[in-house]
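So you can see what is in the structure, the chains are spelled out below.
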Amino acid sequence: MIEQFTPPPRRGPETRWVLRPDRALTGVQMFGLFAALAVAMGVVAIYSYTQGNAFAPAFAVLHTVLIGVLLRLAWRAGDRYEVVEISGHRVQVSRSRDPEPAFTAHPGWVRLDVEDFRGDARVLLASAGRRVEVGAFLVAAERRRLAQQLREGLMTAAASGRHGSETTGVNP
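For clarity, every value in this text was computed on a predicted model and none was experimentally measured. (Residues numbered from 1 in each chain as written. Predicted model: local features only at pLDDT ≥ 70, side-chain atom pairs only at ≥ 80, totals over all residues. Heavy atoms only, no water.)

Chemist: How do you make sense of helix H1 (residues 27–50) when you look at a structure like this?
Modeler: For the α-helix, the turn length of 3.6 residues means that residues three or four positions removed from each other point alike. Across its 24 residues, H1 extends 35 Å between first and last C-alpha, which sits within 8% of the 34 Å expected from 1.5 Å per residue. For H1, the set of buried residues is Met30, Met41 and Ala45. Tucked inside the fold, the buried residues of H1 contact helix H2 (56–77). (Helix = DSSP H or I, 4+ residues; strand = E, 2+ residues; numbered from the N terminus. Expected span 1.5 Å × (residues − 1). Buried < 20%, exposed > 50% of the residue type's maximum accessible area, 1.4 Å probe, protein only. Contact = heavy atoms within 4.5 Å.)

Now the structure itself:
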């Protein structure tokens, strides 16, 4: 999922994209899935116990705990995000799990690359020998759309940087 935020014009040409992986289920739906699986495992375990399988309830409990832990891990994996900020003086990529920005550069020096990797597009920002991939967890169509939005944002930022340097006499 791509969320784009543009501040009011008086603050300058700054745009921010927040990239998050798509989630197929809400928290309530995920809990409902877990409850349905737990009930189904319990019913099968009780039936197996009545048929003479004394170990079925113990394995059902272990299996339920394992499924709960794995569903929780899958849910937590969806909490990650990336923030791409482009302004007239800076391009910055931050990730949810890193306290420091993964990438920072002046927009005039940033190159946007879209590479084909095993039939999928990879969106890369590069500057001064450093490259960082953005939106790796997005689906292919969203990555293409992100590449187009970033290209437009970089062109706008580079143009505002040139116009700002012409009026102030400062080179970016």
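Chemist: So what exactly am I meant to see when it comes to the pattern of salt bridges here?
Modeler: A side chain with one charge can pair with a side chain of the opposite charge if their charged atoms come near. In the structure shown here, the tally under the stated rule is 7 salt bridges. The salt bridge partner of Arg76 is Asp79, with a shortest N-O separation of 4.0 Å. For Arg76, a relative accessible area of 45% puts it in the partly exposed group. Residue Glu82 pairs with Arg95 through a salt bridge whose shortest N-O separation is 2.8 Å. With Glu82 in strand E3 (residues 82–86) and Arg95 in strand E4 (residues 91–95), the pair connects residues that are 13 residues apart, well separated along the chain. (Salt bridge = Lys/Arg side-chain N within 4 Å of Asp/Glu carboxyl O.)

Chemist: Before we go on, may I ask you to explain unusual backbone geometry in this structure?
Modeler: Trans peptide bonds make up the majority, and among non-glycine residues the majority have a negative phi. Of note in the backbone geometry, Ala128 takes a positive phi value of approximately 55° without being a glycine. Assignment of secondary structure puts Ala128 in the loop between strand E7 (120–127) and strand E8 (130–134). By relative accessible area, which is 81% here, Ala128 ends up exposed.

Chemist: For this particular structure, what's the right way to read a nonpolar patch on the surface?
Modeler: Together, Val61, Val65, Leu66, Val69, Leu70 and Leu73 make up an exposed nonpolar region whose accessible area comes to about 550 Å². Looking at the secondary structure, you find Leu73 in helix H2. Given the relative accessible area of 54%, Leu73 is considered exposed. (Patch = residues over 30% accessible without salt bridge, like charges linked within 9 Å, V, L, I, M, F, W, Y side chains within 5 Å. Areas by Shrake-Rupley, 256 points an atom, 1.4 Å probe, with all protein chains shown as cover.)

Chemist: I tried to follow the sheet that holds E8 on my own but got confused; where do I start?
Modeler: Across a sheet, paired strands are connected by hydrogen bonds in the backbone, their directions being either parallel or antiparallel. The 3 strands are arranged E6-E7-E8 in an open sheet whose pairing can be described as antiparallel. In this open sheet, the two edge strands, each paired with only one partner strand, are strand E6 (111–117) and E8. Between one strand axis and the next, the sheet turns by 35° as a mean value, whatever way the strands run. The pairing of E7 with E8 spans 5 bridges and is antiparallel. Considered in E8, the bridge of Ala126 is made with Arg131. (Pairing = 2+ DSSP bridges. Axes fitted to C-alpha atoms, helices over the stretch in contact; angles between N-to-C directions.)

Chemist: What is the right way to read the sheet that holds strand E5 (residues 103–105) from this model?
Modeler: In spatial order, the strands read E1-E2-E3-E4-E5; together these 5 strands make up an open sheet with antiparallel pairing. In the strand order of this sheet, the two ends are held by strand E1 (2–5) and E5, each with one partner. Taking each pair of neighbouring strands and ignoring which way they run, the sheet shows an average axis angle of 15°. Both strand E2 (residues 15–19) and E3 contribute to a ladder of 5 bridges, which runs antiparallel. From the neighbouring strand, Val18 faces E3, where its bridge partner is Val83.

Chemist: Just checking my understanding: could you explain the side chain of Arg143 for this structure?
Modeler: Among the structural elements, Arg143 can be located in helix H3 (residues 140–168). Apart from the residues within four sequence positions on either side, Arg143 is in contact with Asp120, Ala121, Val123, Gly135, Ala136 and Leu138.

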